[in-house]
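# Overview (structure and organization)
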Amino acid sequence: MKEIATLSRQEAVAEIEALSIELQRHDTLYHRDDAPVISDADYDALKRRLLALEEQFPDLRRLDSPSLRVGAPAATGFGKVRHKVPMLSLDNAFDAEETAEFVARARRFLSLPEDTILDILAEPKIDGLSFSARYEDGVFVRAATRGDGQEGEDITANLATVADLPARLKTSTPPRILEVRGEVYMRRDDFAALNSRHSARGGKVFANPRNAAAGSLRQLDAKITASRPLRLFCYAWGELDGFTPETHKGWLDQLQAWGLPVNPEHHLCRTLEDVEHFAADIYARRADLPYDIDGLVLKVNDVALQKRLGFVARAPRWAIARKFPSEQAQTRLRSIEIQVGRTGVLTPVAHLEPVTVGGVVVSRATLHNEDEIRRLDVRVGDLVTLQRAGDVIPQILGVITGQRPADSTPFVFPHTCPECGATATREDGAVAWRCTGGLTCPTQATERLKHFVSRNAFDIEGLGGKHIEAFFADALIRTPQDIFTLEARDRASLSKLKNRNGWGPASAEKLFDSINARRTITLDRFLFALGIPQVGQATARLLARHYGSLGTLLDTLDSIPGPDEEARLSEAWLTLIGIETIGPAVAQELLAFAREPHNRDVLRALQAEITILPVEEPDTTHSAIAGKTIVFTGTLTRMGRAEAKAKALALGAKVAGSVSAKTDLVVAGPGAGSKLKQAEALGVTIMDEDSFFDLVSNMT
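This structure is a prediction, so every number in the text was calculated from the model and none was measured.

## Points about the overall build of the protein
In terms of regular secondary structure, the protein is built from 25 helices and 26 strands. Whereas a compact globule of 700 residues would reach a radius of gyration of roughly 27 Å, the protein reaches 29 Å, a difference of no more than 12%. Judged by the C-alpha coordinates and their principal axes, the protein covers about 90 × 70 × 65 Å. A buried classification covers 46% of the 700 residues belonging to the protein. Of the contacts formed within the protein by residues at least 6 apart in sequence, a portion of 68% connects residues at least 24 apart. Carbon and sulfur atoms provide 51% of the accessible area of the protein, an area that totals close to 33500 Å².

Given below as structure tokens:
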């Protein structure tokens, strides 16, 4: 073998090509097939030769070079990757009844007869860390975490070290773009060996395989990631160009053909009975699987039906997580603490003697509210049974009254705020006691700030709950706008952030950079960040789509008269409560927020510091109904009302629940009543279901 220094460029190209192919073959034999054909020493010699060649000829390193498996140098932080197709979460089902309802909802949405067979693809739900890997012309180029579903962290260098992920797809005709999604995990035996090695060296011991996998994948030094025994399964897709799956089963088969690992335990179910039999089988074998799972993922197999079903809020209508029965344990309740949330709700939290449930040590569990405490008759000192609901949230199931201390007394729920001393009230029909202190209550103020910077709101990295509490206590951040003036005030101050305990020049600048990176935000995230009661992510997005800008929304709210009786007669009020899923209760919360002078001061101050953009809308270039307000009434059979509404929204229309002078179109089916008459009286355009179906079917 010639000395590398004596090789010509042409000779180097040929040897790098040959070594890359050879090493990739051995990677597959070792990691996927468990059938190595050379010794570790011979493998290492091949890799050392490749590394030396690439060092001598750095411009010849291939994008799919096996040398990348050893990890890139340490980074200073993770960059951000915007998902072109959002990575959504899943709704949950906990038993056969809820699973049956999921299938029934899909049938109703699609207007399918009850006896229609709806194939369901079931896959074990791996307890790991979600990722998205992008291939261009068959070559791996980028990877990201789920993040908030819209934007994740760039983990390209780290995922490249995971041997299960091929650097190049096994095909001569790859799709132009393939964004594959899956889960990185750690086998139980690998986890035990890792913890054993760390313990022997006095290092960190991980709580469970999921934490170990997540921590390993998010190392700034990819060489650490490369040293960890990570594996992965692929199961979903994001952006695709050059391949269109017809079924989810066919998609998994294609992934395998391309060399991407899929879980071999997936199963196609034709009936609900098939689903339950498969769920029971996997649950019985759960402890024998080499990796942790926390349930199944059930997906409508037909991809065309998946597209019709679409999404609701942040979850698909065509998939659901079927959770397994939770593990249970018993422990003593030490005390009950009342915590105050950002909206002033007083929530009782049980402090427990630590106990391991489902592999996680649990020491606290929510008791929800006063009624739940009474229902359980739970008292300090009781021996209680608890579980992690959905294998996640600790939940007290009941009390073992036979072992109750003789001196126990019922818990008395406080009627004053434990944080600020203000009176707590409970409205008629409500279950929660609420502090009336508002922003004069320091806990409410800090919790609202925590919500403001949280992942689905402004998502300011490096400004966690403990920092918010410390900055609030020292009067550095008391209102949302203070976050965006923090850097300017710090530069003018003698007491620099970098000099605070636990901070330094680098961490302070990193925080300022994170804040500045969030000076532009979409309207839906901004509205959610404000923490208005009953305005969650889905409602915020509806409001943002309907009104387009913060100014238009505020002008609308300002135009609604004060007294309730007058408000109900105003067109602005009727339009607001007519927006699909937004009714009088949400509208009243919006009015209350907008009429509070302090809130308007905050909004004005924020607008001076940030830019609020309209929400990202689907391409409606060819949509004749984009921007129009549509009301559906009567019975729709050809498409179904739910699917018709979803179709209209996807084409840029606004869907309302009542007819007004601002309604552009009413789609009326058989049995249409007062809404149809009102539309006729107002001269609103009316069409039947067939006409609407023909209209939207021609739009792309």
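This is not the end of the story, as more comes after the structure.
## Some remarks on the nonpolar core
Counting 55 residues, the largest nonpolar core has Phe458, Ile483, Phe526 and Leu576 as the members making the most contacts within it. With six residues, the single largest contributor to this core is helix 21 (residues 584-594). Among residues more than four places away in sequence, those in contact with Ile483 are Phe452, Val453, Ile460, Leu463, Ile477 and Ile515. Counting residues in each nonpolar core, the second largest holds 34 residues, with Leu159, Phe191, Leu230 and Val262 among its members.

## Here's the deal with the packing of aromatic side chains
Counted under the stated rule, the structure contains 15 aromatic pairs. Seen from their ring centres, Tyr185 and Phe233 are 5.0 Å apart, and the 20 degrees between their planes marks the pair as stacked. Taken together, the positions of Tyr185 in strand 7 (residues 177-185) and Phe233 in strand 8 (residues 231-241) put the pair 48 residues apart, joining distant regions of the chain. Phe233 matches Tyr185 in its accessibility class, with the two residues each being buried. Their ring planes at 20 degrees and their centres at 4.4 Å tell us that Phe452 and Phe458 sit as a pair that is stacked. Side by side, Phe452 and Phe458 carry an identical accessibility label, which is buried. Chaining the aromatic ring pairs together yields one cluster made of Trp237, Phe243, Trp251 and Trp258. Looking at Arg478, its charged tip hangs above the ring of Phe472, at a distance of 4.3 Å from the centre.

## What about the pattern of salt bridges?
Once the charged atoms of two side chains with opposite charge are near each other, the side chains can pair. Per the stated rule, a full pass over the model turns up 40 salt bridges. In this structure, Arg108 and Glu101 form a salt bridge, with 2.6 Å as the shortest nitrogen-oxygen distance. Arg379 is the partner of Asp377 in a salt bridge, and the nearest nitrogen-oxygen pair spans 3.3 Å. The exposure class assigned to Arg379 is buried, which follows from its relative accessible area of 15%. Overlapping salt bridges bring together Glu370, Asp371, Arg374 and Arg426 as one network.

## Re the UniProt feature "active site" (unreviewed entry) in the protein
What UniProt calls "active site" (unreviewed entry) maps, in this numbering, to Lys125. Of note, Lys125 is situated in strand 3 (residues 120-126). Apart from residues no more than four positions distant in its own chain, Lys125 is found in contact with Asp292, Ile293, Asp294, Gly295, Leu296, Val297, Ala321 and Lys323.

## Overview of the environment of Phe472
Positionally, Phe472 belongs in helix 13 (residues 465-473). Placed 110 residues apart in sequence, Phe472 and Ile582 show a C-alpha to C-alpha distance of 34 Å. If near-sequence neighbours (up to four positions away) are discounted, Phe472 is found in contact with Pro442, Ala445, Thr446, Leu449, Ile477 and Arg478.

## Comments concerning the packing of helix 20 (residues 571-578) against helix 21
For the pair helix 20 and helix 21, interaxial distance at closest approach is 8 Å and the crossing angle is 120 degrees. It follows that helix 20 is oblique to helix 21 by the angle criterion. Handedness of the helix 20/helix 21 crossing: right-handed. Contacts between helix 20 and helix 21 involve Trp573, Leu576 and Ile577 from the former and Pro584, Ala587, Gln588, Leu590 and Leu591 from the latter. Across the contact of helix 20 with helix 21, the residue classes tally to seven nonpolar, one polar and no charged.

## Regarding the packing of helix 14 (residues 480-492) against helix 15 (residues 505-516)
Between helix 14 and helix 15, whose axes approach to 9 Å, the crossing angle comes to 140 degrees. Taken together, the axes of helix 14 and helix 15 lie oblique to each other. Both helix 14 and helix 15 take part in a crossing whose hand is left-handed. Residue-level inspection shows Ile483, Phe484, Leu486, Glu487, Asp490 and Arg491 of helix 14 in contact with helix 15, the latter providing Glu509, Leu511, Phe512, Ile515 and Asn516. Grouping the constituent residues of the contact of helix 14 with helix 15 by class yields six nonpolar, one polar and four charged.

## Details of the sheet that holds strand 24 (residues 654-656)
Taking strand neighbours across the sheet as the criterion, the four strands line up as 24-23-25-26 in an open arrangement whose pairing is parallel. Both edges of this open sheet fall to strand 24 and strand 26 (685-687), since each of them pairs with a single strand only. The average undirected angle you get between the axes of adjacent strands in this sheet is 30 degrees. Pairing analysis gives three bridges linking strand 25 (residues 665-668) to strand 26, with the strands arranged parallel. Bridging from a neighbouring strand, Val667 pairs with Met687 of strand 26. Where helix 23 (residues 641-650) meets the sheet, its contacts fall on strand 23 (629-633) and strand 24, and the angle it forms with strand 23 comes to roughly 175 degrees.

## Considering unusual backbone geometry
The backbone of Ser111 sits at a positive phi, close to 55 degrees, despite the residue not being glycine. Looking at the secondary structure, you find Ser111 in the loop between helix 3 (96-110) and strand 3. The exposure class assigned to Ser111 is partly exposed, which follows from its relative accessible area of 30%. Even without glycine at this site, Asp137 takes up a positive phi of about 50 degrees. Tracing the backbone shows Asp137 in the loop between strand 4 (129-136) and strand 5 (139-145). Taking the relative accessible area as the measure of exposure, Asp137 reaches 52% and is therefore exposed.

## Description of the side chain of His266
Position of His266 among the secondary structure elements: in the loop between helix 8 (248-257) and strand 9 (267-269). At 2.7 Å, the side chain of His266 forms a polar contact with the backbone oxygen of Asn263.

## Looking at the environment of Gly652
The residue Gly652 is located in the loop between helix 23 and strand 24 in this model. Separated by 29 residues in sequence, Gly652 and Ser623 have C-alpha atoms that sit 7.5 Å apart.

## Looking at the pairing of strand 10 (residues 293-300)
Along any regular strand, the residues point their side chains to alternate faces of the sheet. With eight of its eight residues buried, strand 10 lies for the most part within the structure. Direction of pairing for strand 3 relative to strand 10: antiparallel, over a ladder of six bridges. Among the inter-strand pairings, Ala122 is bridged to a residue of strand 10, identified as Leu298. In the sheet, strand 10 pairs with strand 13 (residues 319-323) via five bridges, with the strands oriented antiparallel. Looking at the pairing, Gly295 lines up with Lys323 of strand 13.

## Looking at the sheet that holds strand 5
As summarised here, the arrangement of the four strands in space is 5-4-7-8, forming an open sheet in which the pairing is antiparallel. This sheet does not close on itself; its edge strands, each paired only once, are strand 5 and strand 8. The average undirected angle you get between the axes of adjacent strands in this sheet is 25 degrees. On top of the sheet, helix 8 reaches strand 7 and strand 8; it is set at about 110 degrees to strand 8, its chief contact.

Criteria and cut-off values
- Residues numbered from 1 in each chain as written.
- Predicted model: local features only at pLDDT ≥ 70, side-chain atom pairs only at ≥ 80, totals over all residues.
- Heavy atoms only, no water.
- Helix = DSSP H or I, 4+ residues; strand = E, 2+ residues; numbered from the N terminus.
- Rg over C-alpha atoms; globule rule 2.2 N^0.38 Å.
- Buried < 20%, exposed > 50% of the residue type's maximum accessible area, 1.4 Å probe, protein only.
- Contact = heavy atoms within 4.5 Å.
- Areas by Shrake-Rupley, 256 points an atom, 1.4 Å probe, with all protein chains shown as cover.
- Core = buried A, V, L, I, M, F, W, Y, C linked by side-chain atoms within 4.5 Å.
- Phe/Tyr/Trp six-rings, centres within 6.5 Å; stacked < 30°, edge-to-face > 60°.
- Lys NZ or Arg CZ within 6 Å of the ring centre and 35° of its normal.
- Salt bridge = Lys/Arg side-chain N within 4 Å of Asp/Glu carboxyl O.
- UniProt positions renumbered as here; feature names shortened; annotations may be inferred.
- Axes fitted to C-alpha atoms, helices over the stretch in contact; angles between N-to-C directions.
- Parallel < 35°, antiparallel > 145°, perpendicular 65-115°, else oblique.
- Left-handed = near helix turned anticlockwise from the far one by under 90°.
- Nonpolar A, V, L, I, M, F, W, Y, C, P; charged D, E, K, R; others polar.
- Pairing = 2+ DSSP bridges.
- Polar contact = N/O pair within 3.5 Å; in protein donor to acceptor, adjacent residues only side chain to side chain.

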